[in-house]
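These are the residues of each chain, in order.
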Amino acid sequence: MNVEKLYDLLKEAQEAKGYYFNKDKKKVFDLLEGLLVNKERYGYMCCPCRLSANDREWDKDIICPCVYREPDVAEYGSCYCNLYVSRAWNEEKIPHEYVPERRPLEKRLRL
Amino acid sequence: MNQCNVKLYALSTCGHCRDTKAFLGECGVNYDCVDVDKLDESERKKVLQEIMKISRDCAFPTLVIGDKVVVGFKKEEIKKLLGIS
């Protein structure tokens, strides 16, 4: 799978659910590249902005699209990575605030 | 610029980390950087313990500027701590 193909696949599937890619295509492609790197490394598309524990069960909440996307897009108009955003965020009708990490602290770093 | 020690804990795949690196580069800041996702297991453990001591947030990027810490790409905060107007 290459980045262009992944972009096309996800765009269609996720837009149907009301989630849009960030209009900054360069950023989107970099993040999708990160997803492919993680797929290769860990066997699943772990969020590129979070450290994987290399354990699918532990990381199931941060396999992209993560479970935090829905509340983050609802509250900030964007997911944690600024990969998926709302239409209003892309149209700059809402401020582009920094999206704080919503994943519980005890899940973030596993030694 | 009179620069204090600057260290960045990042992930090679992370967009906010990439933005932080680019911004520090633009500002001409010399900094140490560790991409935690690229470390082997024993190194990673060591660095994660370091990060946990530095900040309760345990998220990336974690930027240490002297004795101050910024978690996330917060440009204005970083500029302030670096003394850039």
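Below, the structure is looked at part by part. (Residues numbered from 1 in each chain as written. Chains lettered and ligands numbered in written order. Predicted model: local features only at pLDDT ≥ 70, side-chain atom pairs only at ≥ 80, totals over all residues. Heavy atoms only, no water.)

1. Considerations on the nonpolar core
Here is step 1: With 54 residues, the main nonpolar core has Leu 32 and Leu 83 of chain A together with Phe 60 and Ile 78 of chain B as its most contacted residues.
Here is step 2: Elements with a minimum of two residues in this core: helix 1 (3-15) and helix 2 (25-42) of chain A together with strand 1 (6-10), helix 1 (15-26), helix 2 (41-54), strand 3 (62-65), strand 4 (68-71) and helix 3 (75-82) of chain B.
Here is step 3: Ignoring anything within four residues of it in the chain, the contact list for Phe 60 of chain B reads Leu 51, Tyr 80, Tyr 98 and Leu 109 of chain A together with Tyr 9, Ala 10, Leu 11, Cys 14, Cys 17, Val 36 and Ile 51 of chain B. (Core = buried A, V, L, I, M, F, W, Y, C linked by side-chain atoms within 4.5 Å. Buried < 20%, exposed > 50% of the residue type's maximum accessible area, 1.4 Å probe, protein only. Helix = DSSP H or I, 4+ residues; strand = E, 2+ residues; numbered from the N terminus. Contact = heavy atoms within 4.5 Å.)

2. Some words on the environment of Tyr 20 of chain A
All names here are of chain A.
Here is step 1: On the secondary structure map, Tyr 20 appears in strand 1 (residues 20-21).
Here is step 2: On the accessibility criterion, Tyr 20 (17% relative accessible area) is buried.
Here is step 3: Taking the C-alpha atoms as reference, Tyr 20 lies 5.9 Å from Ser 86; in sequence the two are 66 residues apart.
Here is step 4: Once you skip the residues sitting within four places of it in the chain, Tyr 20 turns out to touch Glu 15, Leu 83, Tyr 84, Val 85, Ser 86, Arg 87 and Asn 90.
Here is step 5: Reaching out from Tyr 20, the side chain makes a polar contact with the side chain of Arg 87 at a distance of 2.7 Å. (Polar contact = N/O pair within 3.5 Å; in protein donor to acceptor, adjacent residues only side chain to side chain.)

3. Describing a negative patch on the surface
All names here are of chain A.
Here is step 1: A surface patch of negative charge is lined by Glu 4, Asp 8, Glu 12 and Glu 33.
Here is step 2: By residue number, the principal contributor to the negative patch is helix 1, which donates three residues.
Here is step 3: Locating Glu 33 in the fold gives a position in helix 2. (Patch = residues over 30% accessible without salt bridge, like charges linked within 9 Å, V, L, I, M, F, W, Y side chains within 5 Å. Areas by Shrake-Rupley, 256 points an atom, 1.4 Å probe, with all protein chains shown as cover. Salt bridge = Lys/Arg side-chain N within 4 Å of Asp/Glu carboxyl O. Lys, Arg positive; Asp, Glu negative; His and termini not counted. Charge placed at Lys NZ, Arg CZ, Asp CG, Glu CD.)

4. A few points about the pattern of salt bridges
Residue and element names in this part refer to chain A.
Here is step 1: Applying the stated criterion across every chain, the model contains 19 salt bridges over all chains.
Here is step 2: For the salt bridge of Asp 30 with Lys 26, the shortest nitrogen-to-oxygen distance reads 2.7 Å. Of this pair, Asp 30 and Lys 26 both sit in helix 2, four residues apart, roughly one helical turn.
Here is step 3: Taking the relative accessible area as the measure of exposure, Lys 26 reaches 56% and is therefore exposed.
Here is step 4: A single network of salt bridges, built from pairs that share partners, joins Asp 59, Asp 61, Arg 103 and Lys 107.

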